[in-house]
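Observations on the model geometry
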Amino acid sequence: MDACCATATLKSGFCKGEKIRGSLNGDCNQFGKSLSLEKRGGRKMKSRGAYSVLTRENNNETLTIQAPRIERQRANPKNVGAIILGGGAGAQLFPLTSRTATPAVPVGGCYRLIDIPMSNCINSGINKIFVLTQFNSASLNRHISRTYTGNGVSFGDGYVEVLAATQTAGETGNRWFQGPADAVRQFIWVFEDAKAKDIDNILILSGDHLYRMDYMDFIQNHIDRNADITLSCAPVGDSRASAFGLVKIDSRGRITQFSEKPKGSDKQAMQVDTSIIGLSPQESLKSPYIASMGVYAFKTDVLLKLLRLSYPSSNDFGSEIIPSAVKEHNVQAYIFRDYWEDIGTIKSFYDANLALTDKLPKFEFYDPKTPFYTSPRFLPPTKIDNSKIKDAIISHGCFLRECIVDHSIVGERSRLDSGVELKDTLMMGADYYQTESEIASLLAQGKVPMGIGRNTKISNCIIDKNARIGKDVVIKNKDGVEEGDRPEKGFYIRSGITIVLEKATIDDGSII
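Bear in mind the structure is a predicted one, so any value in this text is a computation, not a measurement. (Residues numbered from 1 in each chain as written. Predicted model: local features only at pLDDT ≥ 70, side-chain atom pairs only at ≥ 80, totals over all residues. Heavy atoms only, no water.)

Because each turn of an α-helix spans 3.6 residues, side chains separated by three or four positions in sequence point in the same direction. Counting buried positions over the 10 residues of helix H12 (residues 346-355) gives seven, a clear majority of the element. Considered for burial, the residues of H12 that qualify are Ile346, Ser348, Phe349, Tyr350, Ala352, Asn353 and Leu354. (Buried < 20%, exposed > 50% of the residue type's maximum accessible area, 1.4 Å probe, protein only. Helix = DSSP H or I, 4+ residues; strand = E, 2+ residues; numbered from the N terminus.)

To continue, consider unusual backbone geometry. Residue Pro95 is bonded to the preceding Phe94 through a cis peptide linkage, with omega at 10 degrees. We note that Asn386 has phi near 50 degrees; this positive angle belongs to a residue other than glycine. For Asn386, the location among the structural elements is in the loop between strand S19 (383-385) and strand S20 (388-390). Even without being glycine, Lys503 reaches a positive phi, approximately 65 degrees. With a relative accessible area of 52%, Lys503 lands in the exposed category.

Further remarks concern the packing of aromatic side chains. Throughout the structure, instances matching the rule amount to 16 aromatic pairs. A centroid spacing of 6.3 Å and a plane angle of 85 degrees characterise the contact between Tyr211 and Phe336, whose relative ring orientation is edge-to-face. A residue pair is termed long-range when its members are at least 10 positions apart, and Tyr211 in strand S12 (residues 209-211) and Phe336 in the loop between strand S17 (331-335) and strand S18 (340-342) qualify at 125 residues. Both residues of the pair, Tyr211 and Phe336, belong to the buried class. (Phe/Tyr/Trp six-rings, centres within 6.5 Å; stacked < 30°, edge-to-face > 60°.)

Another aspect to go through is the pairing of strand S11 (residues 201-206). By the criterion of burial, S11 is predominantly enclosed, with six of the six residues buried. Side chains of S11 alternate between two faces, with Asn201, Leu203 and Leu205 and Ile202, Ile204 and Ser206 buried alike. Pairing of strand S6 (residues 80-85) with S11, which is carried by six bridges, proceeds in the parallel orientation. Bridge assignment links Gly81 to a residue of S11, and that residue is Ile202. Across four bridges, S11 lies against strand S16 (residues 289-299) in antiparallel orientation. Bridge pairing in S16 links Ile204 to Tyr296. (Pairing = 2+ DSSP bridges.)

Right, let's get into the layout of surface pockets. In this approach, a probe sized like a water molecule rolls over the atoms, and the result shows the empty space that is left. Quantified by volume, the largest pocket comes out at close to 1,200 Å³. Lining the largest pocket are 45 residues, with Gln92, Ser206, Asp208, Lys261 and Asp342 sitting closest to its centre. Per-element tally for the lining of the largest pocket: the top contributor is S16, with four residues. In the lining of the largest pocket, the residues fall into 16 nonpolar, 21 polar and eight charged. (1 Å grid on protein atoms, 1.4 Å probe; cavity = no way out; pocket = protein on both sides within 12 Å on 5 of 7 lines; lining within 4 Å. Points joined across faces, edges and corners; volume = space filled by probe spheres on them. Nonpolar A, V, L, I, M, F, W, Y, C, P; charged D, E, K, R; others polar.)

Among the secondary structure elements, Thr374 is positioned in the loop between H12 and S19. Of note is the side chain of Thr374, whose polar atom sits 3.4 Å from the backbone oxygen of Cys110. Reaching out from Thr374, the side chain makes a polar contact with the side chain of Asp115 at a distance of 2.9 Å. The contacts of Thr374, once residues within four sequence positions are left out, are Cys110, Tyr111, Arg112, Asp115, His143 and Thr147. (Polar contact = N/O pair within 3.5 Å; in protein donor to acceptor, adjacent residues only side chain to side chain. Contact = heavy atoms within 4.5 Å.)

Turning to the nonpolar core, a few remarks are in order. Residues Leu203, Leu205, Tyr211, Phe349 and Ile462 are the most contacted members of the largest nonpolar core, which totals 67 residues. Excluding residues within four positions of it along the chain, Leu203 makes contact with Val80, Gly81, Ala82, Ile83, Ile126, Tyr215, Phe218, Ile219, Tyr296 and Ala297. Of all hydrophobic cores here, the second largest spans 45 residues; its members include Phe130, Cys233, Leu303 and Val326. (Core = buried A, V, L, I, M, F, W, Y, C linked by side-chain atoms within 4.5 Å.)

Honestly, it's all geometry; don't read function into it.
Structure below.
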């Protein structure tokens, strides 16, 4: 009896097996053309295949060729640790950071910037979180304590640890953090601790970005590509490119070149055809660069080796470690296609906040499946009396009396008196209330209570926490000043935006 051997060669590493149906009474050699049939006559069979014997006597019989199954390694959030960088001196967000760490700056009316990466971690199931702090960290530490520890958000068997800059024994221990990489290096021992022994991958996250991301999709991509390091990346336009680390990638998504905040010809050299990452021809012309978002995933052993052995004196990931690691390790790009904004400057911070008031905002905090968490303040609803509100966000516990609010955000516990007009303004609110009797007493003494007094007109402005703005004040920057420092008068001007300082007092009748 003649016999034929059918070889089904695997086309990919993931296959469930194929079924062959029908009669085999026909010519076996003809059938073999589509199955790479080989006669058994002593010829060596090829490897990497599944084999079956087919004979002419088998009529209308179904045969199943079962290919070996290669299981995909599933990312487990219990094996992921997250490090959130508390930021440096926050010079680019000054004066908002004069007393506050960058991640503790209010955003969106009632949140803090730290709530963005913290909530993304929680929504991704990651519950081993470390926050590295150094500059002006009191308000940040207080917010983390109230929101994510104690009676705040529950982490089950996880934890949130604040790792504050400290001095320890030894030469290097006498220094404060010299940069984000040095900050992680100084706490390497934490990741070798018993409770961190199951952490296979570590996320490095910034505390001054606005975005919503499932970090486990990011980690899964990192695992699937067997990457040593993965950078989350997004396309950007020419005007913003110099503010980021820029990358070039090959056809498989591997990063072949990294340049930190290049300018001039160096920036032009990092231009790529971004249609390779899925942009349309029109979109690729508008965004010809691929920027690193400052969101990194490291294999834990790779991160520890880089910090301790390969680059023991390097202090920054973007300008030192990543560019060198690209040459020696498998560094992959993960293209993030949703909204993302680096709000590390006054202009970008202001624009990103006011964009939340758009009728169809590109980003919003409202999502029942992936909510953003913040400190529970137990405030009453806002009270609005005969006021006109247009394209605005009004936070909890405010008092608005016969005023106009247009394209603005009003933070919690804010007080706007009659005749106030607020336009294109971010008002951060107050940390506590003043009672009606306290307000009346201050007014009787000719002093200014917290909030905004009668008939005051404000536009194109950021009003920091607990500010006191008197009656009949005008803040419009009518002369179009781009940069100005008037701390003795309670304000600065940055990028044409007037910033009223935290706890500042603007006297009655002032004109800015």
